[in-house]
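# Understanding the architecture of this molecule
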Amino acid sequence: MRLRLTATLLVMAALAGPASAQEPAPDEELRALKQELVALNRDLFMLEEELLFPASTQVAVYLSMDVGKYFALDAVEVSINDERVAKYLYTEREVDALHRGGVHRLYVGNLKSGRHELVAVMVGRGPQGREYRRATSMAFDKGLGPQQLELVLRDSEALQQPTFQVKDWE
């Protein structure tokens, strides 16, 4: 009986392997904890966005550009209903990213349903290197869902100057 018990214990120990094989290595454990932390942080960020900017009142303003020959962007200022909501000064690297097709989120906020006015002022250098300051505006109706607006800067070959417009993403 004793021999059978000892043999059974030896077989169980052999199947289980060394004690360190059962426990994960500290590096693996740390890596797993980091992955869990990243996942929790992502979930927390998404929850915070939903709480701070519910879809029913959310307004987002983006900037894209297809310019470079007639306008070099330096800064943008955005106002909604005569209240400045965003002001951004661009670096050369950021302008380069916009030239390559990037889109910059200038503002995310909450607005009540109804009629609102967006005014955007762009500052930069014009065709002869002189300071160029232009504004564009758009009146829009905020509905029940989220609202996305895009400031579009383009070169106009016909006018030989940049054009600025606000586009509503529907």
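Above this text is the structure in question.
Quick look at the structure, then. (Residues numbered from 1 in each chain as written. Predicted model: local features only at pLDDT ≥ 70, side-chain atom pairs only at ≥ 80, totals over all residues. Heavy atoms only, no water.)

All right, on to the side chain of His 116 then. Tracing the backbone through its elements, the reader meets His 116 in strand 5 (residues 114-125). Of note is the side chain of His 116, whose polar atom sits 2.7 Å from the side chain of Asn 81. (Helix = DSSP H or I, 4+ residues; strand = E, 2+ residues; numbered from the N terminus. Polar contact = N/O pair within 3.5 Å; in protein donor to acceptor, adjacent residues only side chain to side chain.)

Pairing analysis gives 12 bridges linking strand 5 to strand 6 (residues 131-142), with the strands arranged antiparallel. Considered in strand 6, the bridge of Val 119 is made with Ser 137. Between strand 5 and strand 6, which pair antiparallel in sequence order, lie five residues; one of them, Gly 129, sits at a positive phi of approximately 80 degrees. (Pairing = 2+ DSSP bridges.)

This next bit is on the packing of aromatic side chains. Aromatic ring pairs are described here by two measures, namely the spacing of the ring centres and the angle between the planes. Per the stated rule, a full pass over the model turns up five aromatic pairs. Each ring, one from Phe 71 and one from Phe 164, has its centre 5.3 Å from the other, and the planes form 85 degrees; the classification is edge-to-face. Taken together, the positions of Phe 71 in the loop between strand 1 (58-66) and strand 2 (72-80) and Phe 164 in strand 8 (residues 161-169) put the pair 93 residues apart, joining distant regions of the chain. Among the aromatic residues, those joined into a ring-pair cluster are Phe 71, Tyr 132 and Phe 164. (Phe/Tyr/Trp six-rings, centres within 6.5 Å; stacked < 30°, edge-to-face > 60°.)

The next thing to look at is a nonpolar patch on the surface. A contiguous nonpolar patch, built from Leu 44, Leu 47 and Leu 51 and spanning about 330 Å² of accessible area, is present on the exposed surface. Following the sequence through the fold, Leu 47 ends up in helix 3 (residues 26-52). Under the relative-accessibility criterion, Leu 47 is labelled partly exposed at 44%. (Patch = residues over 30% accessible without salt bridge, like charges linked within 9 Å, V, L, I, M, F, W, Y side chains within 5 Å. Areas by Shrake-Rupley, 256 points an atom, 1.4 Å probe, with all protein chains shown as cover. Salt bridge = Lys/Arg side-chain N within 4 Å of Asp/Glu carboxyl O. Buried < 20%, exposed > 50% of the residue type's maximum accessible area, 1.4 Å probe, protein only.)

Before going further, it helps to spend a moment on the sheet that holds strand 4 (residues 104-110). Strand order in the open sheet formed by four strands is 4-1-7-8, with mixed pairing between adjacent strands. If you trace the sheet from one side to the other, it starts and ends with strand 4 and strand 8, each paired once. Direction aside, neighbouring strands of the sheet carry axes that sit 15 degrees apart on average. Across nine bridges, strand 7 (residues 147-156) lies against strand 8 in antiparallel orientation. If you follow Val 152 over to strand 8, its bridge partner there is Gln 165. (Axes fitted to C-alpha atoms, helices over the stretch in contact; angles between N-to-C directions.)

This brings us to the nonpolar core. Membership of the largest hydrophobic core comes to 28 residues, with the highest contact counts inside it found for Leu 63, Leu 73, Val 76, Leu 118, Leu 151 and Leu 153. Mapped by element, the contributors of at least two residues to this core are strand 1, strand 2, helix 4 (92-99), strand 4, strand 5, strand 6, strand 7 and strand 8. Those residues within four positions of Leu 118 in sequence are excluded, and the remaining contacts are Val 61, Val 78, Ser 79, Ile 80, Thr 136, Ser 137, Met 138, Phe 140, Leu 149, Leu 151 and Val 166. (Core = buried A, V, L, I, M, F, W, Y, C linked by side-chain atoms within 4.5 Å. Contact = heavy atoms within 4.5 Å.)

Applying the stated criterion across every chain yields a total of six salt bridges. The closest approach of N and O atoms between Glu 77 and Arg 84, which form a salt bridge, is 3.8 Å. Owing to a relative accessible area of 23%, Glu 77 belongs among the partly exposed residues under this scheme. Across the salt bridge formed by Asp 96 and Arg 100, the nearest N and O atoms sit 3.6 Å from each other. The exposed category is assigned to Arg 100, whose relative accessible area is 64%.

By the secondary structure assignment, Ser 79 is in strand 2. Classification of Ser 79 by relative accessible area gives buried; the value is 17%. Not counting residues up to four positions away in its chain, the partners in contact with Ser 79 are Arg 84, Val 85, Glu 117, Leu 118 and Val 119.

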